[in-house]
Amino acid sequence: MAIAEPGFIAVVPARYGSSRLPGKPLLDIAGEPMVAHVWRRACQSQARQVVVATDDERIRDVMLPYGAEVVMTRSDHLSGTDRLAEVAEQLALGDEQLVVNVQGDEPLIPPVLIDQVALRLADDPEAAIATLAEPISDVETLFNANVVKVVRSLQGRALYFSRAPIPWDREHFKAQPALLETDAWLRHIGIYAYRAGFLSAYRTLAPSSLEQLEQLEQLRALQHGYAIQVALASTVNPPGVDTAEDLERVRAILTKAGKGAE
């Protein structure tokens, strides 16, 4: 899987503030800060350039010795997309430049997924965004409001994202089903590729009613008429770090992996 020139840029937003895990990007995992693990995986992708975008000098100072390129951004951004837009502006990116947002709390992300989402966007010149999804196979996940679901067209474009169990099976969901027998239900994976021109335009878009109802930022783009391509992930994307329990789980995985490499 190859990305045509001029390739893509991977940006790792690393915000110091976190309500659940303060200083999350700098939390130690197997002897290194979390953001370093994410940055290294992004560097293993086909990205022609990898940038850490942060609003905190402590994160910058930790990453510079790794040889990372760090862009300092404002601290008042309301979303990760706004932060990426500032990065695109600082780097003076052309409108067609592809930019992949690699979330800073995904230390286990497979580099192949970073490449895949960029390729998906490159393959659809009329789309502004690309993202990934995976099949949902259990009822608990489908009805979990913390899991974002997506419905897409036959051309792979997103029709809607929701915290609700969409699509709704009118015949079988009158009572909660015991199992799911088709691949109609997809779980959204929160990695995005953008065209830099969209990032610039995004800053001018008013928050949408659907976005505010669902608390899903991507609905702003959909409601304003931008196309989002959704590919089925080529491999499993391990969960990121949102809680202290997640942190301990990832620490155990990477510590074990490090010992295995000795």
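Everything numeric here is computed off the predicted structure, so don't read it as measured data. (Residues numbered from 1 in each chain as written. Predicted model: local features only at pLDDT ≥ 70, side-chain atom pairs only at ≥ 80, totals over all residues. Heavy atoms only, no water.)

What about the pairing of strand β6 (residues 98-101)?
Remember that side chains alternate between the two faces of the sheet whenever the strand is regular.
1) Next: Burial along β6 is two-sided: L98 and V100 and V99 and N101, pointing in opposite directions, are all buried.
2) Next: In terms of strand pairing, strand β1 (residues 8-14) meets β6 through four bridges, oriented parallel. Each residue of the ladder has a partner; that of V11, found in β6, is N101.
3) Next: Summarising the sheet, β6 and strand β10 (residues 186-195) pair through four bridges and their orientation is antiparallel. Note that in β10 the partner of V99 across the bridge is Y194. (Buried < 20%, exposed > 50% of the residue type's maximum accessible area, 1.4 Å probe, protein only. Helix = DSSP H or I, 4+ residues; strand = E, 2+ residues; numbered from the N terminus. Pairing = 2+ DSSP bridges.)

A few points about unusual backbone geometry
1) Next: A cis amide bond links I166 to the next residue, P167, at an omega of -5°.
2) Next: Relative to the assigned elements, P167 resides in the loop between β9 (158-162) and β10.
3) Next: Notably, A30 is not glycine yet its phi reads approximately 55°, a positive angle.
4) Next: If you trace the backbone, A30 turns up in the loop between β2 (28-29) and β3 (32-33).
5) Next: Even without being glycine, Q215 reaches a positive phi, approximately 60°.
6) Next: Inspection of the secondary structure puts Q215 in the loop between α7 (209-214) and α8 (218-223).
7) Next: Residue classification places Q215 among the exposed residues on the basis of a relative accessible area of 59%.

A few points about the environment of A53
1) Next: By the secondary structure assignment, A53 is in strand β4 (residues 49-54).
2) Next: The exposure class assigned to A53 is buried, which follows from its relative accessible area of 0%.
3) Next: Note: C-alpha distance between A53 and G80 (27 residues apart in sequence) is 9.9 Å.
4) Next: Setting aside its immediate chain neighbours within four residues, A53 contacts V11, V12, P13, A14, V71, T73, R83 and V87. (Contact = heavy atoms within 4.5 Å.)

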